[in-house]
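Each chain is listed here by its residues.
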Amino acid sequence: MPRKVHTESPAGSLSDGDPESADVVIVGYGPVGAMVANLLGQAGIRTIVFERDVEPHSMPRAGATDDEVLRVFQAAGLADQLLPLLDLGQSTQFRSARNDPLVTMRPRGGRNGFPKLAFFYQPDLERVLHEGIARYPHVTVRMGVRVEGLHEDDDGVTVWARGGAHGRQTATRARYVVACDGGRSTVRNLRRIEFTGSTYAQPWLVVDAELEAPLTDVTSFQFIGDPDRPAVTLPLPGTHHRWEFMVLPGEDRTEFATVENARRLISPWVDPDRITILRHIVYTFHARTAARWRSGRVLLAGDAAHLMPPFAGQGLSSGLRDAHNLAWKLAAVIADDADPSLLDSYETERRPHVTRMTWLTRFSGAMVQTRHRRVAMVRDAILTKMARLPYFTEGRFKPDLRYSSGAFETSPRRAGAGHAFPQPTVRTSEGRMVPLDDLIGSGWALIGRDLDPQVHLSSESRALWNTLGANYLSLGRPGRHRARHEAGTIAVEDLDGHALDFFSRHGGDFAIVRPDRIVFAMPDIRELDHAADLYGSLIRGKARRHRLPSVHSPAHMEVGRS
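As the structure is a prediction and not an experimental result, all values here were calculated from the model.

Asker: Requested: an account of the packing of helix H1 (residues 31-42) against helix H8 (residues 315-334), with residues and values cited.
Answerer: Contact geometry of H1 with H8 gives a least axis separation of 9 Å together with a crossing angle of 30 degrees. Considering their axes alone, H1 and H8 lie roughly parallel with respect to each other. The chirality of how H1 crosses H8 is right-handed. Within the contact between the two elements, H1 uses Pro 31, Val 32, Met 35, Val 36, Leu 39 and Leu 40 and H8 uses Leu 316, Gly 319, Leu 320, Ala 323, His 324, Ala 327, Leu 330 and Ala 331.

In structure tokens, the structure reads:
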């Protein structure tokens, strides 16, 4: 008989003594949940993570990401650990039914300080995230724990969870809950949030394998537009490789997913007797989104909030962008630096960007999935012509990370607000060359274009930014002599020109940058103090003080216990 799931707290506690408390409970310990935990841990937020699986997932799922997401790892202090595990030299290629190359895309440039395309082996990426959490004694991870009920009141949320199949149900108090528990999210279902959208008619077989050595004739992510059976082949770091094959109408999914069939399908690329097949499973791809991403004190992130097909490698990437956007806002609210209404801007900002990325993935999928020969011939002719267009071959069609409305200035005079501020390599006055974000740190930053922000701030405005721990930078061109600055202002030279070009395009003498690297405002000298008022109206609002009782025992790292 199925266990009853509580949506209200029962009369009396099911745990001994008072419920354990935390600032945030995260449900789900995949990459998105682990990233939220790292970012909250960095901010000093007491966090508990519940994961229903007993062990971390050992199979790869996602395989590609981009420079924006690598910047999130940098913000979490994990880029140095992740970069050696990535393949940063690949391109993406569309090939014809005869396996002839039609167009090769090699993303160039980029203003985020990293290569625009990166491939990873997901268990390695998750290991970096999990090891990162060990830095924070105030973040607790509990494996093998199922969330069964939620009850929200004026002061927080009670999370009812059970460890193991026959474990005792316990209650945990938190100010907020973040659901990162995937497309079948228990938390989303408990909150009765609709999950709408479409399901792709064509299921695909995914085959992950470990080879003796990387394939010498497959050095790029390849879409094979064969109308008889569209396919994808993807080399991953080390000797890992992935193939994907469309399941055709009339084919039995169970028979198609057998290891014998997987061996047959990959045999044109590799001798199946000389490899180890790690996984062979049929997936049906989804494009869905939750009706709302915030329900009171409960917020959805990653696949719990939105699903998209894998063809552009943006599913996991979108979830990690969610984590970066949401974590600093939660931390600000919990620290009483922001009004809880700031959390509404999470969905306002992220949903339109996710919609654009979903369109990109569906468009990419439509190009490879067609089974009509005439349509495929027209597609191949168009792709051949596009091979001569840098806009396409350099990946410029991918939407940049920018928001049209949310927790930032929306004046048309300063169109740079809502965009991600670029990350050039900069040179300090001591001669060090470092990525800009390493100097900005994990909080707010005020960056002047050949100006010291502190010189032009009133004492009241400076007090606000100092309270928030903001960093001050003056950024100029290489070799340009700069006047003396106030103590605490970092003078740097923009060696790449990315940040100075951003100022030239969007105007303003200063860029006020949020903790997630999104530009909050771009005021000129006369407007700089107004930005402090803008913070008060958009971020701080009517922030109230309401704290849960302190935790009864020291926070700790606890894996595999309930």
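Asker: How would you sum up the environment of His 419? Please name residues and give values.
Answerer: Mapping His 419 onto the fold places it in the loop between helix H11 (390-393) and strand S19 (425-428). Here His 419 falls in the partly exposed class, since its relative accessible area comes to 22%. His 419 sits 16 residues away from Tyr 403 along the chain, and the two C-alpha atoms are 6.3 Å apart.

Asker: An account of unusual backbone geometry is needed here, citing residue identities and associated values.
Answerer: A positive phi angle is found at Arg 192, which is not glycine, with a value near 55 degrees. Examined against the element boundaries, Arg 192 turns out to sit in the loop between helix H5 (186-190) and strand S11 (195-210). A positive phi angle, close to 70 degrees, is found at Arg 517, a residue other than glycine. Here Arg 517 is to be found in the loop between strand S24 (510-513) and strand S25 (519-521).

Asker: Just give me the short version of helix H14 (residues 498-506), but keep the residues and values in it.
Answerer: Taken together, the buried positions of H14 are Ala 499, Leu 500, Phe 502, Phe 503 and His 506. Considered in projection along H14, the buried side chains sweep an arc of 155 degrees and stay on one side of the axis. Where H14 is buried, its residues meet strand S21 (445-449), strand S22 (471-476), strand S23 (489-494), S24 and S25. Immediately downstream of H14, the backbone of Gly 507 shows phi near 80 degrees, a positive value.

Asker: Could you give an account of the nonpolar core, naming the residues involved and the relevant values?
Answerer: If you look at the biggest cluster of nonpolar residues, it comprises 106 residues, and the most contacted ones within it are Ile 26, Met 35, Phe 73, Trp 444, Trp 465 and Phe 520. Of the residues forming this core, the biggest block, 11 residues, is contributed by H8.

Cut-offs applied
Residues numbered from 1 in each chain as written. Predicted model: local features only at pLDDT ≥ 70, side-chain atom pairs only at ≥ 80, totals over all residues. Heavy atoms only, no water. Axes fitted to C-alpha atoms, helices over the stretch in contact; angles between N-to-C directions. Helix = DSSP H or I, 4+ residues; strand = E, 2+ residues; numbered from the N terminus. Parallel < 35°, antiparallel > 145°, perpendicular 65-115°, else oblique. Left-handed = near helix turned anticlockwise from the far one by under 90°. Contact = heavy atoms within 4.5 Å. Buried < 20%, exposed > 50% of the residue type's maximum accessible area, 1.4 Å probe, protein only. Arc of directions from axis to C-beta. Core = buried A, V, L, I, M, F, W, Y, C linked by side-chain atoms within 4.5 Å.

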